[in-house]
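An overview of the molecular structure
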Amino acid sequence: PESKGRLAGFYKVVASNDPQFPVSATREYFLDFGKGIQADRLSGSVAISQRENPVVRIRIVAWQYFPKNGSLAIGHPFAEGSRRAVAAGVWQLRASPGSAVLRRDRYQIVLHRVDP
């Protein structure tokens, strides 16, 4: 089960003012973290789907969770764990059953859990 700092499964971005996820009336985003953050697993890949009917674009990127400060970094998959890793963004994560909020600077993304 999810708790503070936990994220797993398939989410829809229901609200965002973050330019990384520019949600609009015609553009939707979905993030699939799979098994996500677990005690023994603090990094992995996330499938990000962008849907502008009828076109769907999917990209796979890396994520890493830092439990000490509750932050989630999402970035380039081929640089995961390397010194040249490129983060698309680093967000403060607040998760609860069925939802999550990602914050960075003045931006916020609200995710709701959905069945894939």
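Structure: see above.
Residues numbered from 1 in each chain as written. Predicted model: local features only at pLDDT ≥ 70, side-chain atom pairs only at ≥ 80, totals over all residues. Heavy atoms only, no water.

**Things to note about the overall build of the chain**
Worth spelling out the cut-off: To qualify as a helix, a DSSP run of H or I must reach at least 4 residues; to qualify as a strand, a run of E must reach at least 2; elements of each kind are numbered from the N terminus. A 1.4 Å probe rolled over the protein chains alone gives each residue an accessible area, and that area as a share of the maximum for its type sets the label: buried under 20%, exposed over 50%, partly exposed in between. We call two residues in contact when some of their heavy atoms are within 4.5 Å. The accessible surface values rely on the Shrake-Rupley method and a 1.4 Å probe; as for residues, cover is taken only from the protein chains in view.
Within the chain one finds zero helices and eight strands. Per-residue burial over the chain gives 40% buried out of 116 residues. Nonlocal contacts in the chain, meaning residues at least 24 apart in sequence, comprise 39% of its contacts between residues at least 6 apart. Carbon and sulfur atoms make up 52% of the accessible area of the chain, which amounts to about 7000 Å² in all.

**Thoughts on the pattern of salt bridges**
To keep it simple, the criterion reads: The working definition used for a salt bridge is a side-chain nitrogen of Lys or Arg within 4 Å of a carboxyl oxygen of Asp or Glu.
Tallied over the entire structure, the rule returns five salt bridges. Of the charged contacts, one joins Glu28 and Arg51 as a salt bridge, the two residues approaching to 2.5 Å between their closest N and O atoms. In this pair, Glu28 is assigned in strand β2 (residues 28-32) and Arg51 in strand β3 (residues 43-52), connecting sequence segments 23 residues apart. Arg51 sits in the partly exposed class, given a relative accessible area of 30%. Residues joined in a network through salt bridges with shared partners are Lys12, Glu28 and Arg51.

**Describing unusual backbone geometry**
Both trends apply: most residues other than glycine have a negative phi, and most peptide bonds are in trans. At the junction of Asn53 and Pro54, the peptide bond is cis and its omega measures out at 0° in the coordinates. Among the secondary structure elements, Pro54 is positioned in the loop between β3 and β4 (55-66). One non-glycine residue with positive phi stands out, namely Asp105, at about 50°. Inspection of the secondary structure puts Asp105 in the loop between β7 (99-104) and β8 (107-113).

**A closer look at the nonpolar core**
Convention followed: Joining through side-chain atoms within 4.5 Å is the link that ties buried Ala, Val, Leu, Ile, Met, Phe, Trp, Tyr and Cys residues into a set, and such a set is a nonpolar core.
Membership of the largest hydrophobic core comes to 22 residues, with the highest contact counts inside it found for Leu72 and Leu93. Secondary-structure elements contributing two or more residues to this core are β1 (10-16), β2, β3, β4, β5 (71-75), β6 (87-96), β7 and β8.

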